[in-house]
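# Observations on the three-dimensional arrangement
As a plain string of letters, each chain reads:
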Amino acid sequence: MAQTRIAPPAAKVEGQWAFDQREPLNGNEELKQADDGLNVRHRIETIYAHQGFDSIPGDDLRGRMRWWGLYTQRRPGIDGGKTATLEAHELEDSYFMLRVRCDGGKLTLQQLRTVAAISREFGRDTADITDRQNIQLHWIRIEDVPEIWRRLESVGLTTQEACGDVPRVIVGSPVAGVAADEIVDGTPAIEEIHRRYIGDPAFSNLPRKWKTAISGSPHQDVAHEINDVAFVGVVHPELGPGFDLWVGGALSTNPMLGKRLGAFVTLEQVPEVWVGVTSIFRDYGYRRLRTRARLKFLLADWGTELFRQVLEGEYLGYALPDGPEPAPPPTGRRDHVGVHPQKDGRFYVGAAPMVGRISGPILDAVADLVEAAGSDRVQLTSEQKLVVLDVASDDVDTVVDGLEALGLQVRHASTFRRGTLACTGIEFCKLAIVETKARATALVGELEKRLPTFDQPITINVNGCPNSCARIQTADIGLKGALAQGEEGYQVHLGGGLGLSLGLGKTLRGLRVPASELEDYVERVTRRFDEQRLEGELFAEW
Ligand code: SF4
């Protein structure tokens with residue numbers, strides 16, 4: 001197949017390595033060029049963990065430590081109004097958030113117990129399930145990091161490349177390999193990419209973060225539309241089950257949904273196609289401005305046809321066959337909450353913690369339940385939920401009752417609890433303007449009381465700042481932290497969605513709902529939808 005080489009732009013310099021624009025054009029690029037973020041581990045183990053927080057220079061503290069999943073956390077008591085006015089060192093505490101990556105959302109019983117013990121011993125019992133299937137711990141001291149790594153790695157877990165300008169955790173269907181209605185199991189591809197390329201210096205300096213999703217579930221359960229590269233299960237009429245390739249999804253600045261390249265990828269080809277797309281991002285991705293350093297901006301300039309041409313001609317060396325687009329998911333729900341049959345006759349049990357918040361003791365208690373049921377596997381979901389796999393029919397009720405006793409609802413999870421996500425927010429995040437987890441928890445509680453019979457799928461995503469860690473633009477009701485007349489409040493995005501109701505929500509410009517009025521506002525909108533909706537109409541269609 002003929003090589004394709006894109007001609008360099010006439011005048012514009014975007015810092016694209018493919019055109020030998022290697023001169024760093026901003027502080028982040030300088031930092032990465034000066035030293036690979038992966039190298040900070042050696043300094044943590046040999047210097048910082050012994051000499052303490054104050055021995056860590058700023059470039060490592062606020063830059064390279066992310067390559068190992070570490071962010072400094074917000075100092076308690078600094079209100080959101082000060083976020084934009086204080087320097088980073090004034091906002092931060094001497095403790096860290098530590099992100100543990102769980103590729104495909106997978107956790108064995110032993111891994112669950114290990115994370116639980118770390119949470120208890122080193123993280124003041126904190127543990128949050130993120131909407132990318134990670135577990136985040138807080139209150140971590142630099143002195144304890146080597147011991148935490150030793151324990152995690154002894155059971156096959158890692159924090160490597162959990163943050164930073166690198167391939168982050170690969171999200172995958174939480175019910176891969178077990179669901180009775182699965183199209184294809186993407187697990188071998190996730191494992192292969194992780195084994196070969198996570199920690200590979202060839203991909204440890206990308207223009208920005210790099211998000212991957214691989215799911216063969218018909219429920220499209222990994223928010224593939226907002227990943228930089230995604231493989232979505234389809235059945236090719238001649239070639240059988242495989243994946244439809246999507247690229248260029250991302251939220252935050254200029255949110256864009258991913259686009260199909262129209263190419264069919266077999267399970268075996270996924271790792272090499274991933275390498276091809278990731279290499280395009282590394283080589284051609286824009287590095288001049290952080291706000292334009294995601295693949296979506298390159299894709300917007302190139303278009304899908306040229307992108308596919310470069311992928312096939314310059315990186316793969318062969319053409320991919322055209323393939324079908326994914327069938328619409330069967331329902332608006334993709335959280336796997338409830339009891340569902342597996343293909344082997346056993347069951348999986350999905351439980352809903354409140355906005356992903358759990359704790360070391362809860363993880364331990366879940367592990368006890370899982371063990372008693374003879375299972376060895378728990379999965380985290382992209383909806384901040386948790387799924388116990390491989391439960392025999394006779395054990396289902398015991399597992400359900402046990403999870404519900406821990407506050408992890410299964411059979412009676414309200415639509416509000418199932419559909420509400422919240423990012424970290426002001427409790428720990430230095431960028432936050434407002435509270436999120438506690439407020440979302442209170443909101444869910446109020447909505448359950450005020451609208452007890454409402455059972456339509458609805459998503460309410462709560463963000464602490466204009467970034468989009470809780471993907472507000474793809475929620476029915478997206479709430480973005482902002483100040484409203486000097487007090488905490490939320491800007492509102494309405495009518496976004498993924499899957500069946502795919503689209504970006506509309507920003508209600510000029511409307512900022514003060515935190516004190518949030519419950520009334522969301523109740524009003526939800527009630528109106530319930531009264532006016534036609535049979536089968538989703539919120540995004542209303
Ligand atoms: Fe922090 Fe903002 Fe992300 Fe929330 S959305 S976790 S406040 S950066």
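For the structure itself, look to the data block above.
Along each chain, the written sequence defines residue order, and numbers are assigned to residues from 1. For this predicted model, a pLDDT threshold of at least 70 governs which residues receive local features, and a threshold of 80 or more governs which side-chain atom pairs are given and counted, while totals over whole chains, interfaces and linings are taken from all residues.

### Topic: the overall build of the protein chain
Scanning the protein chain from N- to C-terminus turns up 15 helices and 20 strands. Taken over C-alpha atoms, the radius of gyration comes to 22 Å for the protein chain, in line with the 24 Å a tight globule of 542 residues would show. Here the C-alpha coordinates of the protein chain stretch approximately 60 × 60 × 50 Å along the principal axes. Burial in this document is a count-based property: other C-beta atoms within 10 Å of a residue's C-beta are tallied, and the residue is buried at 20 or more, exposed at 12 or fewer, or partly exposed in between, with C-beta positions derived from the backbone. A buried classification covers 54% of the 542 residues belonging to the protein chain. For the purpose of contact definition, each residue receives a C-beta atom placed from its backbone, and two residues are in contact when these atoms lie within 7 Å. Taking all contacts inside the protein chain whose residues are at least 6 apart in sequence as the whole, residues at least 24 apart take part in 69%. A run of H or I in DSSP becomes a helix once it reaches four residues, and a run of E becomes a strand once it reaches two; helices and strands are each numbered from the N terminus. Two things to know: the radius of gyration comes from C-alpha atoms, and the globule rule equals 2.2 Å times the number of residues to the power 0.38.

### A closer look at the site of the ligand
Only the C-beta atom matters for this test: placed from the backbone, it must lie within 6 Å of a molecule or strand for the residue to be near it. Around the ligand sit Cys423, Thr424, Gly425, Cys429, Leu431, Ala432, Asn463, Gly464, Cys465, Asn467 and Cys469, and that is every residue in its neighbourhood. The class makeup of the residues in the shell around the ligand is six nonpolar, five polar and no charged. Just so you know the grouping, Ala, Val, Leu, Ile, Met, Phe, Trp, Tyr, Cys and Pro go in nonpolar, Asp, Glu, Lys and Arg go in charged, and all remaining residues, Gly too, go in polar.

### Observations concerning the sheet that holds strand S18 (residues 477–484)
Each pair of strands is called paired provided DSSP finds at least two bridges between the two strands. Strand order in the open sheet made by the five strands is S16-S17-S18-S19-S20, with mixed pairing throughout. Each edge of the sheet is formed by a strand with only one pairing partner; in this case those strands are strand S16 (420–422) and strand S20 (506–514). With direction set aside, neighbouring strand axes in the sheet form an average angle of 25 degrees. Pairing of strand S19 (residues 487–494) with S20 involves five bridges; the strand directions are antiparallel. Angles here are taken between N-to-C directions and fall from 0 to 180 degrees, while the axes themselves are lines fitted to C-alpha atoms, restricted in helices to the stretch in contact.

### Some words on the environment of Val370
Note that Val370 resides in helix H11 (residues 360–372). Note on Val370: 26 C-beta atoms within 10 Å, which makes it buried. Each C-alpha atom, one on Val370 and one on Ser217, is 24 Å from the other, the two residues being 153 residues apart in sequence. With sequence-adjacent residues up to four places away left out, Val370 is seen in contact with Leu109, Ser375, Val378 and Val388.

### Details of the pairing of strand S5 (residues 135–140)
The element S5 is largely enclosed, with a buried count of five among its six residues. Sheet analysis places strand S2 (residues 92–100) next to S5, joined by four bridges and oriented antiparallel. Within S5, the position partnered with Arg99 by the bridge is Gln136. Across two bridges, strand S4 (residues 126–129) lies against S5 in antiparallel orientation.

### What to know about helix H9 (residues 295–302)
What H9 keeps buried is the set Leu295, Lys296, Phe297, Leu298 and Leu299. Next to the buried residues of H9 lie strand S9 (240–247), strand S10 (259–265), helix H8 (270–284) and helix H10 (304–316). Gly303 occupies a position one or two residues after H9 and carries a positive phi of about 85 degrees.

### Focus: the packing of helix H7 (residues 187–197) against H8
Two elements in contact, H7 and H8, have axes whose closest approach is 9 Å; the angle formed by their N-to-C orientations is 55 degrees. It follows that H7 is oblique to H8 by the angle criterion. Between H7 and H8 lies a crossing whose hand is right-handed. Of the residues in H8, those touching H7 at Ala189, Glu192, Ile193, Arg196 and Tyr197 are Val270, Pro271, Trp274 and Val275. Considering only residue class, the contact of H7 with H8 consists of seven nonpolar, no polar and two charged. Geometric relationships in this document are graded by angle, where less than 35 degrees denotes roughly parallel, more than 145 denotes roughly antiparallel, 65 to 115 denotes roughly perpendicular, and other angles denote oblique. Working rule for handedness: look at the near helix, and if it is turned counterclockwise from the far one by less than a right angle, call the crossing left-handed; if clockwise, right-handed.

### Looking at helix H6 (residues 145–154)
Of all the positions in H6, only Val145, Ile148, Trp149 and Leu152 are classed as buried. Taken around the axis of H6, the buried residues stretch over an arc of 100 degrees, which confines them to a single face. Turned more than 90 degrees off the buried face of H6, the exposed positions are Arg150 and Ser154. This arc describes the spread of directions from the helix axis toward the C-beta atoms.

### Thoughts on the sheet that holds S9
Strand order in the open sheet formed by five strands is S6-S7-S8-S9-S10, with mixed pairing between adjacent strands. Strands with a single pairing partner mark the edges of an open sheet, and in this sheet they are strand S6 (167–172) and S10. Strand-to-strand twist of the sheet, defined as the mean angle between neighbouring strand axes without regard to direction, takes the value 25 degrees. Examined bridge by bridge, strand S8 (residues 229–236) and S9 share eight bridges and lie antiparallel to one another. Residue pairing for S9: Val235 is matched across the bridge by Pro241. Lying over the sheet, H7 contacts S6 and strand S7 (210–215), oriented at roughly 165 degrees with respect to S6.

### Some points on the pairing of S18
By the bridge criterion, four bridges tie strand S17 (residues 460–463) to S18 in an arrangement that is parallel. Bridge pairing links Asn461 to Gly478 in S18. Of the pairings in the sheet, the one linking S18 to S19 comprises eight bridges and is antiparallel in character. In the sheet register, Ala482 faces S19, and the bridge partner there is Gly489.

### Quick look at the packing of helix H5 (residues 109–122) against H11
Across the interface, H5 lies against H11 with an axial gap of 8 Å and an inter-helix angle of 160 degrees. The orientation of H5 with respect to H11, classified from their angle, is roughly antiparallel. Seen along the crossing, H5 lies across H11 with a hand that is left-handed. Residue-level inspection shows Leu109, Leu112, Arg113, Val115, Ala116, Ser119 and Arg120 of H5 in contact with H11, the latter providing Gly360, Pro361, Leu363, Asp364, Val366, Ala367, Val370 and Glu371.

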